[in-house]
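This is what each chain is made of:
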4 protein chains.
Amino acid sequence: MYTCDVTLRIRYGETDQMGYVYYGRYAEFFEIGRTELIRKLGFTYKDFEARGILLPVVSMIVKYVRPAAYDDLITIRTTLKKLPTARIVFYYQIFDEAGTLINEAECHLVFTDSATRKPARPPEALMQALQPFFLSDS
Amino acid sequence: MYTCDVTLRIRYGETDQMGYVYYGRYAEFFEIGRTELIRKLGFTYKDFEARGILLPVVSMIVKYVRPAAYDDLITIRTTLKKLPTARIVFYYQIFDEAGTLINEAECHLVFTDSATRKPARPPEALMQALQPFFLSDS
Amino acid sequence: MYTCDVTLRIRYGETDQMGYVYYGRYAEFFEIGRTELIRKLGFTYKDFEARGILLPVVSMIVKYVRPAAYDDLITIRTTLKKLPTARIVFYYQIFDEAGTLINEAECHLVFTDSATRKPARPPEALMQALQPFFLSDS
Amino acid sequence: MYTCDVTLRIRYGETDQMGYVYYGRYAEFFEIGRTELIRKLGFTYKDFEARGILLPVVSMIVKYVRPAAYDDLITIRTTLKKLPTARIVFYYQIFDEAGTLINEAECHLVFTDSATRKPARPPEALMQALQPFFLSDS
């Protein structure tokens with residue numbers, strides 16, 4: 001298992017007239033979560049793309065447990081529970097400042113060759129960096 | 001069963017640097033789908049809100065089957081398969097101009113009293129308008 | 001002078017907690033306005049890009065005259081007042097359903113070679129299509 | 001004069017298929033800039049709203065000097081050059097990580113009574129907090 005926490009503040013432009021964060025904006029929070037998890041491992045998603053690997057989302061499940069409001073500080077916890085194959089699954093929990101769970105989600109992405117747009121193996125260096133956190137899988 | 005189709009054109013601002021629609025923007029397509037389904041029944045979601053009924057999304061499942069690109073004309077098919085209770089489930093299929101399925105999703109929403117923020121019964125008039133399409137349910 | 005009107009309905013996700021359209025979302029309305037003006041002339045911006053011409057925005061002025069609300073039908077009027085050079089200026093007026101002006105703006109864009117990222121001449125066919133509408137300029 | 005710097009990282013969802021930040025997304029950067037300037041003064045815009053003061057944008061000028069890219073760390077410098085009246089003007093400069101100017105803008109906002117939706121005086125406590133930075137104005 002490998003986990004990364006990142007905290008951010010809700011923007012006014014992320015709210016809708018219900019007075020809470022628009023449900024479609026959570027996708028950006030999930031994106032930030034996995035971007036920072038990859039950075040914590042010593043890589044950047046930007047660099048993956050520069051080397052011809054795209055990582056499109058193929059499916060997503062989201063549970064909106066409690067609303068988030070403008071100016072709230074939320075913590076996005078992103079977790080890898082298994083070593084990736086061509087598919088990588090990120091699990092998400094979002095907490096408000098009091099530590100209450102407000103959102104749970106999972107996003108499935110597929111390592112994709114940017115030239116052929118076909119599934120690809122994850123970068124070898126990424127796999128090696130993840131290996132120590134998933135010893136029981138090996 | 002009750003179904004509504006609506007067609008729209010992909011905006012440049014909806015794409016990301018992968019060259020396709022950003023995965024978070026589909027939530028707006030689903031929102032448009034249910035807005036128009038409700039309008040087709042003779043109501044508006046705007047009017048529900050004016051009468052104190054909110055309809056927040058409590059969960060969502062999305063399958064990104066194929067990408068959509070800038071300037072594409074997509075058709076959003078929104079379907080109710082069951083009469084709503086306090087919970088209403090919208091099913092979505094999105095098709096490209098050739099009729100190929102590019103996205104499948106479902107959104108669960110809960111009729112909510114805007115004063116108490118507690119679950120509420122769906123508007124009676126909405127239930128009556130839906131009834132004829134769900135005879136086998138009654 | 002060349003003008004194009006396009007009508008669209010405000011999305012819920014375009015509102016913020018003030019109950020009106022978020023000020024940053026108007027940029028998408030302007031983008032739709034110029035996309036449709038170009039289409040009305042017989043071209044597509046998509047095709048310009050495919051042929052190596054980008055059209056980034058270099059400056060924008062916006063006056064928010066009145067707010068727009070969820071589910072409003074707005075009309076975006078896009079106008080070219082002069083023949084483009086490497087620079088093209090789109091003027092915008094947005095009207096509500098009653099015909100009241102709610103927004104005025106102008107966007108300056110520069111035809112750009114996608115390979116060199118340097119300013120470029122506008123497509124010759126576009127200039128020829130525009131010429132009849134700007135006789136006094138010639 | 002009163003200035004506030006805030007640094008943030010560009011999200012993937014903020015890019016478009018040109019490979020840079022979509023021009024409409026800068027409005028959120030400006031919003032973050034003024035939110036943090038107000039916080040630095042000891043207040044929150046959220047609290048202003050809670051006490052019945054809205055702050056809608058009435059006009060905006062933006063110059064897109066250079067593009068910003070995914071994963072870039074940008075610094076938003078927000079400046080008040082004059083004491084506000086009912087109108088408050090925020091000036092913006094955005095810099096990339098090397099300190100190069102990439103964007104300049106100004107946003108005009110009007111303190112507005114949320115009940116009457118009419119212009120209002122700025123909160124007295126805000127004026128007092130700003131006064132020391134604008135001695136030559138007094």
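Residues numbered from 1 in each chain as written. Chains lettered and ligands numbered in written order. Predicted model: local features only at pLDDT ≥ 70, side-chain atom pairs only at ≥ 80, totals over all residues. Heavy atoms only, no water.

### Side note on the sheet that holds strand β5 (residues 87–95) of chain B
Right, on to step 1. Strand order across the open sheet formed by 10 strands is β1(A)-β4(A)-β5(A)-β6(A)-β3(A)-β3(B)-β6(B)-β5(B)-β4(B)-β1(B), with antiparallel pairing between neighbours. Two strands close off the open sheet at either side, each with one partner strand: β1 (2–9) of chain A together with β1 (2–9) of chain B. Shown here is a sheet whose adjacent strand axes are inclined to one another by a mean of 15 degrees, direction ignored.
Right, on to step 2. Where strand β5 (residues 87–95) of chain A lies against strand β6 (residues 101–110) of chain A, 9 bridges are found, and the strand directions are antiparallel. Looking at β6(A), one finds that A:Y91 is bridged to A:E106.
Right, on to step 3. Contacting β1, β3 (57–64), β4 (73–80), β5 and β6 (101–110) of chain B, helix α1 (residues 26–40) of chain B crosses the sheet at an angle of about 130 degrees to β1(B). (Pairing = 2+ DSSP bridges. Helix = DSSP H or I, 4+ residues; strand = E, 2+ residues; numbered from the N terminus. Axes fitted to C-alpha atoms, helices over the stretch in contact; angles between N-to-C directions. Contact = heavy atoms within 4.5 Å.)

### As for the interface of chain A and chain B
Right, on to step 1. With 26 residues of chain A at the interface, the matching set in chain B holds 26 residues.
Right, on to step 2. Buried surface at the junction of chain A and chain B, summed over both partners, amounts to about 2,000 Å²; 55% is from carbon and sulfur atoms.
Right, on to step 3. Inspection of the chain A/chain B interface yields 0 salt bridges.
Right, on to step 4. In this assembly, chain A and chain B are joined by 15 residue pairs in polar contact (both at pLDDT 80 or more).
Right, on to step 5. Counting residues per element, the ones that place at least two in the side of chain A that touches chain B are α1 (26–40), α2 (45–50) and β3 (57–64) of chain A.
Right, on to step 6. For the side of chain A that touches chain B, the element with the most residues is β3(A), which contributes 8 residues.
Right, on to step 7. Residues of the side of chain A that touches chain B, tallied by class, amount to 17 nonpolar, 3 polar and 6 charged. (Buried area = accessible area lost by both parts, 1.4 Å probe. Salt bridge = Lys/Arg side-chain N within 4 Å of Asp/Glu carboxyl O. Polar contact = N/O pair within 3.5 Å; in protein donor to acceptor, adjacent residues only side chain to side chain. Nonpolar A, V, L, I, M, F, W, Y, C, P; charged D, E, K, R; others polar.)

### Re the relation of the copies chain B and chain D
Right, on to step 1. Expressed as a screw operation, the relation of chain B to chain D combines 0.0 Å of axial shift with a rotation of 180 degrees, fitting to an RMSD of 0.0 Å. Read as a symmetry element, the transformation amounts to a two-fold axis.
Right, on to step 2. A shared interface surface links the copies, since 100% of the contact residues of chain B are contact residues in chain D too. (Least-squares fit on C-alpha atoms with pLDDT ≥ 70 in both.)

### Observations regarding the pattern of salt bridges
Right, on to step 1. The tally for this structure, following the rule as stated, stands at 48 salt bridges over all chains.
Right, on to step 2. In this structure, B:E28 engages C:R25 in a salt bridge whose closest nitrogen and oxygen atoms are separated by 3.0 Å. Separated into two different chains, B:E28 in helix α1 and C:R25 in the loop between β1 (2–9) and α1 (26–40) make up a pair that spans both. Taken individually, B:E28 and C:R25 each receive the classification buried, so the pair is uniform in this respect.
Right, on to step 3. Through salt bridges with shared partners, one network takes in A:R11, A:E14, A:R25, A:E28, D:R11, D:E14, D:R25 and D:E28. (Buried < 20%, exposed > 50% of the residue type's maximum accessible area, 1.4 Å probe, protein only.)

### Thoughts on the pairing of strand β3 (residues 57–64) of chain D
Right, on to step 1. Taken together, the 5 bridges between strand β3 (residues 57–64) of chain C and β3(D) define a ladder with antiparallel strand orientation. By the bridge assignment for β3(D), C:M60 is matched with D:V62.
Right, on to step 2. Taken together, the 7 bridges between β3(D) and strand β6 (residues 101–110) of chain D define a ladder with antiparallel strand orientation. The residue of β6(D) that forms the bridge with D:K63 is D:E104.

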